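Spelled out, the chains give:
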Amino acid sequence: MAEGREQGVPDDQAAPPPRPLDAIDRDILRILQTDGRASIRSVAERVHVSRANAYARINRLIDDGVIRGFSARVNHERAGQGASAYITLKIVQNSWRTVREQLQALPGAAHIALVSGDFDVLLLVHTPDNRTLRELVLTKLQAIPEVLSTRTLLVFEETDLNRRLAVDEA
């Protein structure tokens, strides 16, 4: 947790309002989304600014919380996580923060979202096999007192679209 931030308040809510992105910022984001390992020099050349300017812009995007980090896109099946599922959860009203903390600790949890509609939480998990997935749902998820019900949707095949932020429309 960042220094001076209020406990229990997500970083994106405690941060100052975002500064508008210009065309160069959007180009930098597109480049880094495609190749998070691109060098400052390469980014600077591609957006036609100095290295110092590119460096400053990337740091500002990080400081402003626009860029939340850099990561590798993993082929889960080749990494030994052959079973994937989206799990929907209905939870006790006003228990989101407690449930989120417990879900973050689950092995294989990849994405957690509080949503509206027929269920409250959408959880993406990757496990080595269906047996491990079954154990995760039946012994770990359903043991969380605030979880009222679950529904598991097996992923048969997935395609990583390497989605870009909606920076093109700005």
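Residues numbered from 1 in each chain as written. Predicted model: local features only at pLDDT ≥ 70, side-chain atom pairs only at ≥ 80, totals over all residues. Heavy atoms only, no water.

The next thing to look at is the packing of helix α2 (residues 23-34) against helix α3 (residues 40-47). Running from N to C, α2 and α3 point in directions that differ by 130°, and their axes come no closer than 10 Å. Here α3 runs oblique to α2, going by the angle between their axes. Where α2 crosses over α3, the two elements pack in a sense that is right-handed. On α3, the residues touching I24, D27, I28, I31 and L32 of α2 are V43, R46 and V47. Of the residues belonging to the contact of α2 with α3, the class tally is 6 nonpolar, no polar and 2 charged. (Axes fitted to C-alpha atoms, helices over the stretch in contact; angles between N-to-C directions. Helix = DSSP H or I, 4+ residues; strand = E, 2+ residues; numbered from the N terminus. Parallel < 35°, antiparallel > 145°, perpendicular 65-115°, else oblique. Left-handed = near helix turned anticlockwise from the far one by under 90°. Contact = heavy atoms within 4.5 Å. Nonpolar A, V, L, I, M, F, W, Y, C, P; charged D, E, K, R; others polar.)

Where strand β2 (residues 109-114) lies against strand β3 (residues 121-127), 5 bridges are found, and the strand directions are antiparallel. In the sheet register, A113 faces β3, and the bridge partner there is L122. Counted along the chain from β2 to the antiparallel partner β3, the turn is 6 residues long, and its residue G117 has a positive phi close to 120°. (Pairing = 2+ DSSP bridges.)

Tracing the backbone through its elements, the reader meets E146 in the loop between α6 (130-141) and β4 (147-155). This buried residue, E146, is left without a salt bridge; R100 holds the nearest opposite charge, at 13 Å. Discounting residues that sit within four places of it in the chain, E146 has contacts with K90, I91, V92, S95, T98, V99 and Q102. (Buried < 20%, exposed > 50% of the residue type's maximum accessible area, 1.4 Å probe, protein only. Lys, Arg positive; Asp, Glu negative; His and termini not counted. Salt bridge = Lys/Arg side-chain N within 4 Å of Asp/Glu carboxyl O.)

Moving on, we get to α2. Residue pairs three or four apart in sequence face the same way in an α-helix, which turns once every 3.6 residues. Its 12 residues place the ends of α2 17 Å apart at the C-alpha level, agreeing with the 16 Å of an ideal helix rising 1.5 Å per residue. Summarising the contacts, the buried residues of α2 are in contact with α3 and α4 (51-63). Measuring from the backbone nitrogen of I24 back to the side-chain oxygen at the start of α2 gives 3.1 Å, which picks out D22 as the cap. (Expected span 1.5 Å × (residues − 1). Polar contact = N/O pair within 3.5 Å; in protein donor to acceptor, adjacent residues only side chain to side chain.)

Taking burial as the measure, the 9 residues of strand β1 (residues 83-91) include 7 buried ones, the bulk of the element. Here β1 runs beside β3; their pairing, made up of 7 bridges, is antiparallel. By the bridge assignment, L89 is partnered in β3 with V121. Looking at chain direction, β1 and β4 are connected through 8 bridges and run antiparallel. The partner of A85 across the bridge, within β4, is L154.

Turning our attention to the pattern of salt bridges. For the structure shown, the criterion picks out 8 salt bridges. Across the pair R60 and D64 runs a salt bridge whose closest N-O atoms are separated by 3.9 Å. For R134, the salt bridge is made with E135, and the minimal N-O distance between the two is 2.9 Å. The partly exposed category is assigned to E135, whose relative accessible area is 32%. Connected via shared salt-bridge partners are R19, D22, D25, R57, R60 and D64.

All right, on to helix α5 (residues 96-104) then. Along α5, the residues classified as buried are W96, V99 and L103. Down the axis of α5, the buried set is contained in an arc of 70°. They therefore lie on one face. With respect to the buried face of α5, the exposed residues turned more than 90 degrees away are E101 and Q104. Elements in contact with the buried residues of α5: β1, β2, β3 and α6. (Arc of directions from axis to C-beta.)

Here we come to the sheet that holds β1. Ordered by their spatial adjacency, 4 strands build an open sheet running β2-β3-β1-β4, and the pairing between neighbours is antiparallel. For this open sheet the edge positions go to β2 and β4, each flanked by a neighbour on one side alone. Taking the axes of each pair of neighbouring strands and ignoring which way they run, one obtains an average angle of 20° across the sheet. In the packing of α5 onto the sheet, the strands contacted are β1, β2 and β3, and the crossing angle to β2 comes to about 170°. Sitting on the sheet, α6 touches β1, β3 and β4, and the angle it makes with β1 is about 15°.

Such coordinate-based values are descriptive only and should not be taken to indicate function.
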